Amino acid sequence: MINKIRDLLKDRRLKKIDYDDYDRIKVHNAILSEKKMMKEVFSEFYSLCLRVTDKYFCNDGKELEIGSGVSFFKKVNPNLITSDIIPAPHLDMVLDAQQMTAISDSSLRSVYAINVLHHFPEPEKFFLELLRVLRPSGGCILIEPFYGVFAKKFYSNVHPSEHFNPQQKEWTSSRKMGSMSNANQALSYIIFQRDKELFLKKYPNLELINNYPLKNYLRYFLSGGINFIQLAPNFFIPILKIGELLLSPFNYFLALHHVIIIRKKK
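Definitions and limits used
- Residues numbered from 1 in each chain as written.
- Predicted model: local features only at pLDDT ≥ 70, side-chain atom pairs only at ≥ 80, totals over all residues.
- Heavy atoms only, no water.
- Disulfide = S-S within 2.5 Å.
- Buried < 20%, exposed > 50% of the residue type's maximum accessible area, 1.4 Å probe, protein only.
- Helix = DSSP H or I, 4+ residues; strand = E, 2+ residues; numbered from the N terminus.
- Pairing = 2+ DSSP bridges.
- Right-handed = clockwise from strand over helix to strand, strands pointing away.
- Contact = heavy atoms within 4.5 Å.
- Axes fitted to C-alpha atoms, helices over the stretch in contact; angles between N-to-C directions.

Q: Mind showing me how you'd approach the state of the cysteines here?
A: Here a disulfide denotes one covalent bond, and it connects the sulfur atoms of two cysteines. Tallied over the entire structure, the rule returns zero disulfides. Of all cysteine sulfurs, the one in C140 lies closest to C58, which takes part in no disulfide; the gap is 13 Å. On the basis of relative accessible area, C58 is assigned to the buried category, the value being 12%. Cysteine C140 remains unbridged, with the sulfur of C49 as its closest cysteine sulfur at 9.2 Å. The exposure class of C140 is buried, given its relative accessible area of 0%.

Q: Sorry if this is basic, but what is going on with the pairing of strand β4 (residues 108–114) here?
A: For a regular strand, side-chain orientation follows a simple rule: the groups alternate between the two sheet faces. Counting buried residues in β4 gives seven out of seven residues, a clear majority hidden from the surface. The pairing of strand β1 (residues 62–66) with β4 spans five bridges and is parallel. Its bridge partner being in β4, I66 is matched across the sheet by A113. Where β4 lies against strand β5 (residues 134–145), six bridges are found, and the strand directions are parallel. Note that in β5 the partner of Y112 across the bridge is I141. Following the backbone out of β4, through helix α5 (residues 123–133) and into the adjacent parallel β5, one traces a crossover that is right-handed.

Q: Honestly, the sheet that holds strand β2 (residues 81–84) in this entry has me stumped. Any pointers?
A: By definition, the strands of a sheet pair up through backbone hydrogen bonds, in either a parallel or an antiparallel sense. Pairing is mixed across the open sheet formed by seven strands, whose spatial order is β3-β2-β1-β4-β5-β7-β6. On the outer flanks of this sheet lie β3 (93–94) and β6 (206–213), each paired with one strand and no other. When β1 meets β2, the two strands line up parallel, connected through two bridges. Opposite E65, over in β2, you have T82 as the bridge partner. This element, α5, spans β1, β4, β5, β6 and β7 (257–264) of the sheet and lies at about 145° to β5.

These results come straight from atomic positions and should not be treated as a statement about function.
Encoded structure:
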């Protein structure tokens, strides 16, 4: 039944493409351009990233977005360097975040990654790269799938090419992974919640500044994201915002994303 509902709601333009290829970015760009509700959610992600950077990170250095894909973050942050592991004409560079050879040591003020971490087969390599490329007091902002009651159910069923397994023992994936396939969407829970003390022990020069759920889950869910058709018209947006505000005491149960703020020590 779930598979039938998922197939019925999936945007028809995505049904025959390879998610690990550039075709996925082209189609996602087209879908996002049509979705005011989804664009508003991403705009809130970007505003959050900028506020956190100004509040917690050093003042000098470049800013890098990894896994940019269909991101329009650069429109609100013109000096941002955009990158993805898949080449695309609207991005600044092709970059593997687990091996950022094109980025100089201690050159970055901030690294942004929205729905990216759980696609890394070897996330420990990424954390080592953060230590290398970040300036002292520079940091990384991750926005990842949350692990609350609703998020667990949602992410366990929404993508047949991905899974949600909080019991995965190792951080490194044992599955063969493409850039967008076979990812464990529970990875941020595993590293920063279940294994938080292990993370801090492994990387004593990285500190976890904050980790909390985000509240725009009603609009994210009803927008259909960038894979499914929108389930509510745009004129519902103000009503949904009020609903998110009223439901904010229940964010830990209902949220679909959380933000993790990491800073390199001085």
